[in-house]
Amino acid sequence: MRALTVIPGRADSGAVVEMPEPPETDGSVLVRTLAVGVCGTDTEILAGDYGWAPEGEERLIIGHESLGEVLEAPVGSGFSRGDLVAGVVRRPDPVPCLACGAGEWDMCRNGRYTERGIKQRHGFAAERFRIEPGFLVPVDRGLEPLGVLMEPASILAKAWEHIAHIGLRARWAPRTVLVTGAGPIGLLGALMAAQRGLEVHVLARREGVQAEAARAIGATYHTGRVADLPFHPDVVLECTGVPALVMETAQQLAPAGICCLAGVSAGSKRLCTDPGTLERQMVLGNEVLFGAVNANLRHYRAAAEALAKADRAWLARLVTRRERLDEWRAAVTRRPDDIKTVIDFTL
Ligand SMILES: [Zn+2]
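Residues numbered from 1 in each chain as written. Predicted model: local features only at pLDDT ≥ 70, side-chain atom pairs only at ≥ 80, totals over all residues. Heavy atoms only, no water.

S.K.: Explanation requested: the overall build of the protein in the structure shown.
M.R.: Helices and strands together make up the secondary structure of the protein, namely 10 helices and 19 strands. Relative to the 2.2 N^0.38 estimate, which gives 20 Å for 347 residues, the radius of gyration of the protein is 20 Å and therefore close to what a compact globule would have. Judged by the C-alpha coordinates and their principal axes, the protein covers about 55 × 45 × 40 Å. Here the protein holds 347 residues, and 55% of them are scored as buried. Put simply, of all contacts in the protein between residues at least 6 apart along the chain, 68% involve residues at least 24 apart. Carbon and sulfur atoms make up 52% of the accessible area of the protein, which amounts to about 15200 Å² in all. Of the side-chain charges in the protein, 39 are positive and 43 negative, and the distance between the mean point of each set is 2 Å. (Helix = DSSP H or I, 4+ residues; strand = E, 2+ residues; numbered from the N terminus. Rg over C-alpha atoms; globule rule 2.2 N^0.38 Å. Buried < 20%, exposed > 50% of the residue type's maximum accessible area, 1.4 Å probe, protein only. Contact = heavy atoms within 4.5 Å. Areas by Shrake-Rupley, 256 points an atom, 1.4 Å probe, with all protein chains shown as cover. Lys, Arg positive; Asp, Glu negative; His and termini not counted. Charge placed at Lys NZ, Arg CZ, Asp CG, Glu CD.)

S.K.: What is the right way to read the sheet that holds strand β9 (residues 120-121) from this model?
M.R.: Through backbone hydrogen bonds, the strands of a sheet pair up, either in parallel or in antiparallel fashion. Taken together, 3 strands build an open sheet; the order of strands is β7-β8-β9 and the sheet is mixed. The open sheet has two edge strands with one neighbour each: β7 (90-91) and β9. Examined bridge by bridge, β7 and strand β8 (residues 114-116) share 2 bridges and lie antiparallel to one another. If you follow R91 over to β8, its bridge partner there is T114. (Pairing = 2+ DSSP bridges.)

S.K.: How should the pattern of salt bridges be read in this particular structure?
M.R.: Opposite charge on two side chains allows them to pair when their charged atoms are near. Taken as a whole and assessed by the stated rule, the structure comprises 21 salt bridges. Between R225 and E248 there is a salt bridge, with its nearest N and O atoms 3.7 Å apart. Of this pair, R225 sits in the loop between β14 (220-222) and β15 (235-238) while E248 sits in helix α6 (residues 243-252), placing them 23 residues apart in sequence. Within the structure, one salt-bridge network assembled from shared partners comprises R32, E69, R141 and E144. (Salt bridge = Lys/Arg side-chain N within 4 Å of Asp/Glu carboxyl O.)

S.K.: For this particular structure, what's the right way to read the coordination of the zinc ion?
M.R.: As a benchmark, a tetrahedral metal site with four donors has ideal angles of 109.5 degrees, while an octahedral site with six donors has ideal angles of 90 or 180 degrees. Protein-derived ligands of the zinc ion are D93 (OD), C97 (SG), C100 (SG) and C108 (SG), with the metal-ligand distances lying across 1.9 to 2.3 Å. With 4 donor atoms in place around the zinc ion and angles of 101 to 120 degrees between them, the coordination shape is tetrahedral. For the zinc ion, all donor residues lie on one chain, and their spacing in sequence is D-x3-C-x2-C-x7-C. Here C97 is found in the loop between β7 and α2 (98-101), whereas its partner C108 is found in the loop between α2 and β8, with 11 residues between them in sequence. With respect to class, C97 is no different from C108; both count as buried. (Donors = N, O, S within 2.8 Å, 3.2 Å for Na, K, Ca; no water. Tetrahedral: all angles 85-135°; square planar, octahedral: opposite > 155°, others 65-115°.)

S.K.: Is there a simple way to explain the sheet that holds β15 in this structure?
M.R.: Sheet architecture is open: 6 strands sit in the order β14-β13-β12-β15-β16-β17, paired in parallel fashion. Every other strand in the sheet has two partners, leaving β14 and β17 (288-291) as the edge strands with one partner each. Put simply, the sheet's adjacent strands are angled 20 degrees from each other on average, direction ignored. As paired strands, strand β16 (residues 258-261) and β17 are joined by 4 bridges and run parallel to one another. By the bridge assignment for β17, L261 is matched with G291. (Axes fitted to C-alpha atoms, helices over the stretch in contact; angles between N-to-C directions.)

S.K.: It is not clear to me how the layout of surface pockets should be interpreted in this structure. Could you clarify?
M.R.: Sizing a probe to match a water molecule and rolling it over the atoms shows the empty space that remains. Here the second largest pocket is characterised by a volume of approximately 170 Å³. If you trace the second largest pocket, you find it lined by R2, R32, T33, E127, R128, R324, L325, D326, D344, F345 and L347. The class makeup of the residues in the lining of the second largest pocket is 3 nonpolar, 1 polar and 7 charged. (1 Å grid on protein atoms, 1.4 Å probe; cavity = no way out; pocket = protein on both sides within 12 Å on 5 of 7 lines; lining within 4 Å. Points joined across faces, edges and corners; volume = space filled by probe spheres on them. Nonpolar A, V, L, I, M, F, W, Y, C, P; charged D, E, K, R; others polar.)

S.K.: Got a minute to help me understand the side chain of T176 in this structure?
M.R.: Along the chain, T176 turns up in strand β12 (residues 176-180). For T176, a relative accessible area of 3% translates into the label buried. Excluding residues that lie within four positions of it along the chain, T176 makes contacts with E199, F231, H232, P233, D234 and V235.

As C-alpha cells, this is what we get:
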C-alpha cells in the first residue's frame, strides 16, 4: 500500500513509498483512509526537526489527523464495516504513569508515551491502517468529509475542559474570550467559545478567509495589536505560539483571567515584555497561564459533539484545500488563504 513517509531527523526525506500492509499487532480494526489533515507538526517532521520512527524501522508513516472507513472489525469491538471513524493519536506509556494509568495519556508524566504518525508508531497517511478499537472514535456520517477535523477539535475540547476546571477554583462567570491566531486551532477554539455563549474576539495578522470564517460565527475580528484592544478578556486562547504575542496577550487578561497556550513556539529568547511586570500582574490579578496539548478519549467524544452541533457549511470553510496523495508537497506548502489542507485519499 502507498503511504507518505519520512526518515525522521533527515530533512527532505519525505516520500510516498510502498509499505507493507498494516500488521495485526497495530489493532484488530482495519480502516481505509479517506483523508488526513496536515498541520505544523507534519511540516516539522518533514523538515527533519521532529518525529521518531518505530523501533527497528528507518521510515515513519506520518499523519495524525485521520478520517477513515472501517473495512474489518471483530464482533464485539463496537465497530462494523462502513463506520466512519477517526483514530486517537497518543498511546499510554508502558509504565504506566499516574495519568496514563487513568486513561489520561494526554497528561503523561514521564514522556514515554508513543504517538501515531509522530513518535515511534506509524501514522494514518497510508491507504489503510489498523488500530485498537479502544483508540478509535466514531464520526457522525453527516460529517463526512469534515470529520477530518476531529483530531484538531479534540485539542480544543481539552483546552475548554481545562479552562472550565480552572475557572471553578473561585466563583466565575466568564463573558469575553480572545482567540489569537485564526488557523484551524484558533477557529475551532472560537467555535467552541461561541457554542458556550461567550462573546468571541479573534485577533490575527490579516483579513481574508480566516476573518470571514471568524465573523460567520459571530466573532469580532481584529488585526491590530493586542494591547490596543478595547477590553480585557476573561479567557484567552493563545493559538499562535509566537512568544512576544504570548506575553502581550497574557498582559491583556482581565483579573482572574485564564490564558490557555495552545500554540507551540519554535523557540525564541526575544521578549518584548518585562517578565517582572507580567509576574506582578498575574499575582495581583489571580491570573492563570497554562499549556494544553493532545487529548484523551473524553476529549475526542466532546469534539465529536461540538462538530456535530456546528453548521456544516461553516466547518466546510475550514477545509480550504484538498490534495491527492501524490501532491503531498503542495499539501504541506502553506498558502495565505489556507486554513486546513487535507490529503484526500479518495481523489
Ligand atoms: Zn504516562
